[in-house]
Amino acid sequence: MLLLLLIGFLAGIVTAISPCVLPVLPVLLAAGASGRKPLRIVAGLVVSFSFFTLFASWLLSKLGLPQDLLRNLAIAALFLMAIVLLLPQAAQWVERSLSVFSRLRPANVGGGFFLGVTLGLVFVPCAGPFLAAITTAAARESFGARTVAATLAYALGAAIPMLLIARGGREAAARIRGHADRLRVAAGAAIALVAVALVFHVDDHLATLTPGYTTFLQDKIEQSSSAQRELAKVRGGGEALKAKRSATVGLPDYGAAPQPHPDGAWINSKALTMQQLRGKVVLVDFWTYSCINCLRTLPHLEAWDATYRKDGLVILGVHTPEFAFEHVSSNVRAAVKRLGIEYPVVQDNRFKTWDNFANQYWPAEYLIDRNGRVRHTHFGEGEYPQTETLIRRLLAVKGQHAKQFPDATPTEAMTPETYLGYQRIGNYTGTQIAPDRTVRYRFAKMLFANAFSYDGIWNIGAEKITAGRGARLRLEFQAKDVYLVLGGKGTVQVLVDGKKTKTLRVNAEKLYTVRSSKKLAVDSLLELRFSPGVQAYSFTFG
């Protein structure tokens, strides 16, 4: 635990000297210069950032409130503070209005603690591996002592440089006390400018900047083997499986197979444990039903199940969802039926089995022998003949092979998987994204390779986009096949290089084929025209 706390503390310091902290600096300087006590400001920031990093998403979901509500309230509070500093009459009015709250008045805002709480809500740290582990644990509602301690250590590390900055502003103001009125006005103006910048999400851009020194320090502190071991404990999973040579059938031995977590719904089977499966050869497949890479793997898995089940093979599909609709049990059951899957499938909505295997990929295969030892791993598509050969070796079977299917794994250079929601957005260009708000977008004047842009009325959510009037999307792509995860009800018109090719009828949340061709499209322009209410999640290519 001590090592985890030290790594978290150092990771926080790295965050506080990186570009993403810039929106907070003017407020810290202005607050110190206007008389607020730096220690109280930073204490408020630590408490606020720690609490809401861990619990905000869960709390807002339980209350049915928008995820950006707290941020918006914090920005409103910054505007209020700016007005109080700029207009003495407004300060008196606000003070009288809130006199019921005893001495906690906006004129001194608790000596700075309230201001710190506000900053904690708008502080968007540069997301290195340490913070990613914390937020992943929080998203899975894993609020153990280790996660809480790691969050506090990180927040304290980030607070130290900020405390020095706020104290510097206070000491500078003490040297020029004769200009108190001007200092107050300057502080109010600085806070107002920061609030305006936050409205336009300038902080989001800064959070994506990772200069060389930040990357170097993160690699040394957060990417070390010691750090990775500690962060695996925060995430709730074990260390990645490590192979040891074994004389048995000439295969490596990765150790005892981790257990499937018992809290998920089971399809096509009662709940199974590795103890119950002892004596069987088990192939664990991590998948999710809207993933094209997983879907291209399924025919091979189903053929192996049909051929080798009688010989002792058990395929266990671990359905670990990528999008919210994939958490719904009825959706998963319908997909299993639609895809013709007959082997056991367990829902892993909280990523517990995923973490037990320290897995990182869709799809991923873990081949386990009759003694419950992991003997082979494969991540991604492909290598189907090699995997079948190993299955036959562990089963010690001869004779007929399973039905063979062509390997559909793409081999050409193509556009990478493209997420459309702001949480994992990349290669976007055009109108500034307004998270979780329905606004009008305009296409970018030019699209570079693999880039996309929005036009018309859209609501851009964390993981999906929802079409309004005149909603369109353009994408510069290279691929034979284009797939898109869609939801809602309505239509999507498809145009490739200006020519209408098809209309998709959207009636369920699943993967749709936008383009399918034997010819590779190079630097082609895809345009999609959405009817209102249709939702889109991510593109994949083949």
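Structure shown above.
This section reports on the structure supplied with the text. (Residues numbered from 1 in each chain as written. Predicted model: local features only at pLDDT ≥ 70, side-chain atom pairs only at ≥ 80, totals over all residues. Heavy atoms only, no water.)

### Quick look at the sheet that holds strand β6 (residues 374–379)
- Pairing is mixed across the open sheet formed by six strands, whose spatial order is β1-β4-β3-β2-β5-β6. Pairing within the sheet leaves two strands with one partner each, and these edge strands are β1 (266–267) and β6. (Pairing = 2+ DSSP bridges. Helix = DSSP H or I, 4+ residues; strand = E, 2+ residues; numbered from the N terminus.)

### Things to note about a nonpolar patch on the surface
- A grouping of L3, L6, F9, L10, L156, I160 and L164 is seen on the molecular surface, where their side chains present a nonpolar patch of about 590 Å² in accessible area.
- For the nonpolar patch, the elements supplying multiple residues, two or more each, are α1 (2–16) and α8 (145–175).
- The element contributing the most residues to the nonpolar patch is α1, with four residues.
- Inspection of the secondary structure puts L10 in helix α1. (Patch = residues over 30% accessible without salt bridge, like charges linked within 9 Å, V, L, I, M, F, W, Y side chains within 5 Å. Areas by Shrake-Rupley, 256 points an atom, 1.4 Å probe, with all protein chains shown as cover. Salt bridge = Lys/Arg side-chain N within 4 Å of Asp/Glu carboxyl O.)

### Structural notes on helix α16 (residues 384–395)
- In this model, α16 (12 residues) spans 16 Å end to end at C-alpha, consistent with the 16 Å of a helix rising 1.5 Å per residue.
- Within α16 the residues assigned to the buried category are Y384, T387, E388, L390, I391, R392, L394 and L395.
- Contact partners of the buried residues in α16: β2 (281–287), α13 (292–308), β3 (313–319), β5 (364–368) and β6.
- The first or second residue beyond α16 is A396, which carries a positive phi of 60°. (Expected span 1.5 Å × (residues − 1). Buried < 20%, exposed > 50% of the residue type's maximum accessible area, 1.4 Å probe, protein only. Contact = heavy atoms within 4.5 Å.)

### Section: the packing of α13 against α16
- α16 packs onto α13 with a crossing angle of 25° between their chain directions and a minimal axis gap of 12 Å. With respect to α16, the element α13 is oriented roughly parallel. Handedness of the α13/α16 crossing: right-handed. Residue-level inspection shows R296, T297, H300, W304 and Y308 of α13 in contact with α16, the latter providing Y384, T387, E388, I391, R392 and L395. (Axes fitted to C-alpha atoms, helices over the stretch in contact; angles between N-to-C directions. Parallel < 35°, antiparallel > 145°, perpendicular 65-115°, else oblique. Left-handed = near helix turned anticlockwise from the far one by under 90°.)

### Topic: the environment of F113
- Position of F113 relative to the elements: it lies in helix α6 (residues 113–122).
- Considering only alpha carbons, one finds F113 and S48, 65 residues apart in sequence, at a separation of 9.8 Å.

### Overview of the layout of surface pockets
- Size it by volume and the second largest pocket reaches roughly 280 Å³.
- Taken together, 16 residues make up the lining of the second largest pocket; nearest its centre are R296, A408, T409, D481 and Y483.
- If one sorts the elements of the lining of the second largest pocket by residue count, α13 sits on top with four residues.
- The residue inventory of the lining of the second largest pocket, partitioned by class, reads seven nonpolar, five polar and four charged. (1 Å grid on protein atoms, 1.4 Å probe; cavity = no way out; pocket = protein on both sides within 12 Å on 5 of 7 lines; lining within 4 Å. Points joined across faces, edges and corners; volume = space filled by probe spheres on them. Nonpolar A, V, L, I, M, F, W, Y, C, P; charged D, E, K, R; others polar.)

### Describing unusual backbone geometry
- For the bond from W362 to P363, the omega torsion is -15°, close enough to zero to count as cis.
- Along the polypeptide, P363 turns up in the loop between α15 (352–356) and β5.
- The backbone of N268 sits at a positive phi, close to 70°, despite the residue not being glycine.
- Along the polypeptide, N268 turns up in the loop between β1 and β2.
- One non-glycine residue, D497, lies in positive phi territory at about 50°.
- Turning to its location among the elements, D497 is positioned in the loop between β13 (490–496) and β14 (499–506).
- On the accessibility criterion, D497 (47% relative accessible area) is partly exposed.

### As for the pattern of salt bridges
- Taken as a whole and assessed by the stated rule, the structure comprises nine salt bridges.
- E527 is the partner of R472 in a salt bridge, and the nearest nitrogen-oxygen pair spans 3.2 Å. Residue R472 is found in strand β11 (residues 472–479), and its partner E527 is found in strand β16 (residues 521–530); the two are separated by 55 residues along the sequence.
- Given the relative accessible area of 8%, E527 is considered buried.
- When the shortest N-O distance is used, the salt bridge between R529 and E527 registers 2.8 Å.
- A relative accessible area of 35% places R529 in the partly exposed class.
- Each member of the salt-bridge network shares a partner with another, and the members are D455, R472, R474, E527 and R529.

### Thoughts on the nonpolar core
- Ranked by size, the top nonpolar core spans 37 residues in total, and within it L283, W287, W304, Y308, L313 and I391 carry the most contacts.
- Of all the elements in the fold, those that place two or more residues in this core are β2, α13, β3, α14 (329–338), α16 and β12 (482–487).
- The element contributing the most residues to this core is α13, with seven residues.
- Beyond its immediate stretch of four places on either side in the chain, W304 contacts L283, R309, L313, I315, Y384, T387, E388, I391 and A402. (Core = buried A, V, L, I, M, F, W, Y, C linked by side-chain atoms within 4.5 Å.)

### Remarks on α14
- Buried residues of α14: V332, A335 and V336, and no others. Down the axis of α14, the smallest arc covering the buried residues is 100°, so these residues share one side.
- Contacts from the buried residues of α14 go to β1, β2, β3 and β4 (345–347).
- Phi turns positive, to about 75°, at G340, one or two residues after α14. (Arc of directions from axis to C-beta.)

### Things to note about the side chain of S290
- Assignment of secondary structure puts S290 in the loop between β2 and α13.
- Using a relative accessible area of 3% as the deciding quantity, one classes S290 as buried.
- A polar atom in the side chain of S290 sits 2.4 Å from the side chain of E326.
- Ignoring anything within four residues of it in the chain, the contact list for S290 reads F323, F325, E326, V485 and L511. (Polar contact = N/O pair within 3.5 Å; in protein donor to acceptor, adjacent residues only side chain to side chain.)

### Overview of the packing of aromatic side chains
- Enumeration according to the criterion identifies 18 aromatic pairs in this entry.
- Considering the side-chain rings of W354 and W362, the 4.7 Å spacing of their centres and the 45° angle between planes classify their relative orientation as tilted.
- Given a relative accessible area of 23%, W362 falls into the partly exposed group.
- Ring geometry for Y428 versus Y454: centroids 5.2 Å apart, planes at 35°, classification tilted. Of this pair, Y428 sits in the loop between β7 (418–419) and β8 (438–441) while Y454 sits in strand β9 (residues 452–460), placing them 26 residues apart in sequence.
- Assessed through its relative accessible area of 19%, Y428 is described here as buried.
- Within the aromatic cluster, the residues linked to one another by ring pairs are F286, F351, W354, F357, Y361, W362, Y366 and F379. (Phe/Tyr/Trp six-rings, centres within 6.5 Å; stacked < 30°, edge-to-face > 60°.)

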